[in-house]
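Chain residues, written in single-letter form:
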Amino acid sequence: MLLVFAMLLSWQFTQAQSRPVSGKVSDTGGSALPGVSVTVKGTTQGAITDASGKFSVQAASNAVLVFSYIGFKPMEVNIGTKTTVDVALEEDAAALNEVVVVGYGSQKKSQTTGAISSVSAKQIQEMPITSLGQAMQGRVAGVDVSQSGSRPGSVPKILIRGRRSFNAGNDPLYVVDGIPLSAGYEDLNPSDIQSMEVLKDATATAIYGARGANGVVLVTTKRGAVKGKTTVSFDTYAGVSVPLDKINLFSGPEFLEYVREAYRATNLYKDAAGNPVPTGVGDPAADAKVAVLGGDPAVAKGIANGTNTDWQDLLLRNGIMQNHSLGVQGGNDKTQFYISGGYFQDKGITAGLDYTRMSLRINVDHQINSHLKVGISSYTMYSIRNGENLNPYGMTIQQNPLAVPYDDKGNLIFSPTNDALLTNPLAEIVPGAQVDETKKYRLFNSLYAEVKIIEGLKYRVNFGPDFTIQRWGRFIGAATNARKFGDPQASVQNNNGFNWTLENFLTYNKTFGGKHNFGATLLHSIQRDNFEVFRTEVQGVPAETQQFYNLGNASSVLLVGSGLTQWTINSYMARVNYDFNDKYLLTATLRRDGSSRFGTNTKYGNFPGIALGWNISNEPFMKQITWLDLLKLRAGWGVVGNQGVAPYQTQGLLTRTAYAWGSVAAFGYRPSTIGNPDLKWESSATANIGLDFSFLRGRIQGSLELYETNTTDLLLSDQLPGSIGFGAVTRNVGQTRNRGIELGFTTVNVNSPSGFKWTTDFTFTKNTESIISLYNGKIDDLGNRWFIGKPLNSYFDFKKVGIWQSNEADLAKSYGSEVGQIRVQDTDKDGKITAADRVHLGSDIPDFNLGFTTRFEYKGFDLSAFLFGRFGNMIVSGFHQNRNQLAGRYQQIKVDYWTPNNPTNEFPRPKSTQEFPVYNTTLIYYDGTFVKLRNINFGYTFSPKIAKKLGMESLRLYTSIQQPKIWSVYRDKYNGIDPEATITSSGNGTTSVSENVVPATSVTTFGLNVRF
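Since the model is a prediction, treat every value here as computed from it, not as a measurement. (Residues numbered from 1 in each chain as written. Predicted model: local features only at pLDDT ≥ 70, side-chain atom pairs only at ≥ 80, totals over all residues. Heavy atoms only, no water.)

Caption draft 1: Looking closely at the side chain of serine 773. Structurally, serine 773 is set in strand E37 (residues 757-773). For serine 773, a relative accessible area of 14% gives the class buried. (Helix = DSSP H or I, 4+ residues; strand = E, 2+ residues; numbered from the N terminus. Buried < 20%, exposed > 50% of the residue type's maximum accessible area, 1.4 Å probe, protein only.)

Caption draft 2: Inspection of the packing of aromatic side chains at higher detail. For the structure shown, the criterion picks out 35 aromatic pairs. For the ring pair phenylalanine 861 and tyrosine 940, a centre distance of 4.5 Å and an interplane angle of 50 degrees mean the geometry is tilted. With phenylalanine 861 in strand E43 (residues 861-871) and tyrosine 940 in strand E46 (residues 930-941), this residue pair connects regions lying 79 residues apart in the sequence. On the accessibility criterion, phenylalanine 861 (41% relative accessible area) is partly exposed. Residues tyrosine 926 and tyrosine 974 carry aromatic rings whose centres are separated by 5.0 Å and whose planes lie at 55 degrees to one another, so their mutual orientation is tilted. One end of the pair, tyrosine 926, is in strand E45 (residues 925-927); the other, tyrosine 974, is in the loop between helix H13 (969-972) and strand E48 (982-984), and 48 residues separate them in sequence. Directly above the aromatic system of phenylalanine 866 lies the positively charged group of arginine 139, at a separation of 4.7 Å from the ring centroid. Above the face of the tryptophan 567 ring, arginine 597 is positioned so that its terminal group lies 4.8 Å from the ring centre. (Phe/Tyr/Trp six-rings, centres within 6.5 Å; stacked < 30°, edge-to-face > 60°. Lys NZ or Arg CZ within 6 Å of the ring centre and 35° of its normal.)

Caption draft 3: Inspection of helix H5 (residues 252-264) at higher detail. In this model, H5 (13 residues) spans 18 Å end to end at C-alpha, consistent with the 18 Å of a helix rising 1.5 Å per residue. Burial within H5 is extensive, with eleven of its 13 residues counted as buried. Of the surrounding secondary structure, the elements contacted by the buried residues of H5 are helix H6 (284-288) and helix H7 (297-305). (Expected span 1.5 Å × (residues − 1). Contact = heavy atoms within 4.5 Å.)

Caption draft 4: Summary view of the side chain of arginine 161. For arginine 161, the position within the fold is in the loop between strand E12 (157-160) and strand E13 (173-176). We classify arginine 161 as buried; its relative accessible area is 2%. If we skip the residues at most four places from it in the chain, arginine 161 touches Ala115, Gly142, Lys200, Asp201, Thr686, Asn688, Glu705, Tyr707, Asn738, Glu742 and Asn767.

Caption draft 5: Here's a closer look at the sheet that holds strand E2 (residues 37-40). Read across the open sheet, the four strands follow the order E3-E2-E5-E6; overall the sheet is antiparallel. Each edge of the sheet is formed by a strand with only one pairing partner; in this case those strands are strand E3 (46-48) and strand E6 (75-78). Strand-to-strand twist of the sheet, defined as the mean angle between neighbouring strand axes without regard to direction, takes the value 20 degrees. Both strand E5 (residues 64-68) and E6 contribute to a ladder of four bridges, which runs antiparallel. From the neighbouring strand, phenylalanine 67 faces E6, where its bridge partner is methionine 75. (Pairing = 2+ DSSP bridges. Axes fitted to C-alpha atoms, helices over the stretch in contact; angles between N-to-C directions.)

Structure below.
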């Protein structure tokens, strides 16, 4: 009681000392600042300045007032005996002076002239990600990132401003700490990334020439600090991944009726007296005549027992995802270092599918003397991926639900039914039955030495050796669907890659007269790649425990092959930057690239770029507009090249052929391709107009871009008449075009004195691609589905208009069809269906993409949510093509099929005498529009005082839910899988939702971020 009384007295005394304190807040120029937050430090008391910048609060003499306002540096003032406190806040130009990496250097954001977008370390850490591709999705306008499914180790597909080329590749260039990557970016540990810049237009990518034809992603990893204090960070999370849902298949009773209907349609479902059994009625005698039903003793038993086996449930499991990263960062004015170790593991929702990555990074920078600085970035990675080419889950989709997986003794039944093609999916995940293991070792280095010659003039040399060793081992045991107790098979493939880059460049930066800022860069770069592959396949492994580790013991060799591929790029580049008084900006670039992939006379190409910028907000006539922080207009044009064809295309290649030499088999060689010594660079010219803006002291800031890219001299296969012995030759023919608009902005919606803050990020991307001409000029290539004026990948087929109904029997017959089958559009109205009736159905190019992130912060608590959507694209559903046969033999996706009692227009009547419905390809095209709630993250950051008591500098706990919801007609109405999980065929570029991907997953994780 005495303690409580003393506390009350103390509180009353403190209150007695409180008094009104008022004042005015202005900027350094004397202009009043309304809306400034004025709080009494350590309390919830505070006020907001009015339109005149005035405020009034109650505060004690020992109190401290904290003034904070967006766009200005915060200020603290001790009250003491003051009753009036007038302050002038200093403008915080950090946002405007933010430095971004532009390639071979950096610039202030206000001085950039190209289309460049950034992703910060904070954005990368907002949700648990497995690769940098996931960090860009929905956060960078103009970048389309497509997840390739939930299979562990899968890598998102990234396109910057659409596709330009048919054969030369559309993947962007990834540059890590100044060195271009030769292998994939998926090997990087996202926890090491400090920032990413995406160079999108030709004026920005021209400095990388041919390698930057499809955009450039610059990755900067974390470096040491000069503050003299060593900081230890530990970031970790672990969680559970679960199927978002399963594929909706027929249940046991539904499958039974579906099979019956397939046999009714062909007049084969009859009772003991030979009479047709009507729809909706089952008959044991009729079932006994159907091989898939009563004709199979195991299935007949299942019908009698009411069996309803969910094979998906038996195979699926809860997966585990975990990531741990330990970093040490520090240094002094001489030496800075960053060391980190990472461990990531993703165990998939299907047994046998998992991915593990371990990494070590060491970044060191050392100032030897006032003129010489050296450094190294070394990254070592080891990964193991299991199940990249396995799909046991896909087998569950066809297995008969009326059969059982185990016998009465609990033993696995290898063939649950009489169907020889359908074996038990669970046999595929028996340990050792199927092995698909990829081990990868990678050592990626970036070494540099920088010499300061004179004030403003620097020479730098970069050397980047990149070693990759990859071993893929495959074993298929006897008790699997592929072998069906035949001899086991095994194979091993070893890939060895060594890529190195050597760059020498000079940079000169000088300011003249206080207003003229000049910068110049001269570069010579050479990149060389050496890739070796060796593969062996055998059959008849004597002991299955040997798997693929002792191929020499096998009874027969199926294949032995090896190969070597080499290529080199030699480049020269010059760049000039100039700005006058931070108002008028100029960037001019010229790059000359030579590639070993082209002919002697065409190896080199010249690629210029020029861009202008105008900081309108820095003009004197704009100074009166106090709510405008930044308004910059940019315009640029540039050309970049693409060398993306396989090496040796300029040469005529040979292939081995077999023939009879008398009575003896012999081998010889014949030409397989026609060489083209005149093959040259594919070129893309881009015009870009951009507007950067910032309003209300940074409350609204972003960029708007308009662009057009014309790609000419396409590296395209020109068709040849087969009579000459060759089908095609690679030539520079054809043209494509991309046009688009991009908008990205950030808003600070609420920033209250109570500590509540609400911000949002928004991105909008619209890209339209078109084929302008092909090898025959402006003439369509029907065989490849390439059409003038259409996207590079468009869908051209018959159009389903419904199902023939009972009252249309005669009309259906006139078209060669029947009631219950697919009715397609008679486009030319000639009374018959021919190839001329095919129409353009759509494209995989979306009308637009949207990304939206919202964040809330309040007194240590933080909550963020991220949504991403793709709208207006069409997808080809591999599931509906190969798992929707409607022939009454296999289990399949549950669809609304036609029967006399269910006259739907969705799907045709099952029919046992046809493997697939006539015009079944009309059933595979779907609206690919979707919206995904990609992530919800909730965390709490402990106060510095509590963290200090725990021996830490900072401590944050959080939980995250990844992909808890997908809105999609394809999923909700047509029982499809993830509409985003597309793959691209290497043959014709067709993009489809693969039948081999596992179901979409949702991952719930718990983690912490600790700093010592």
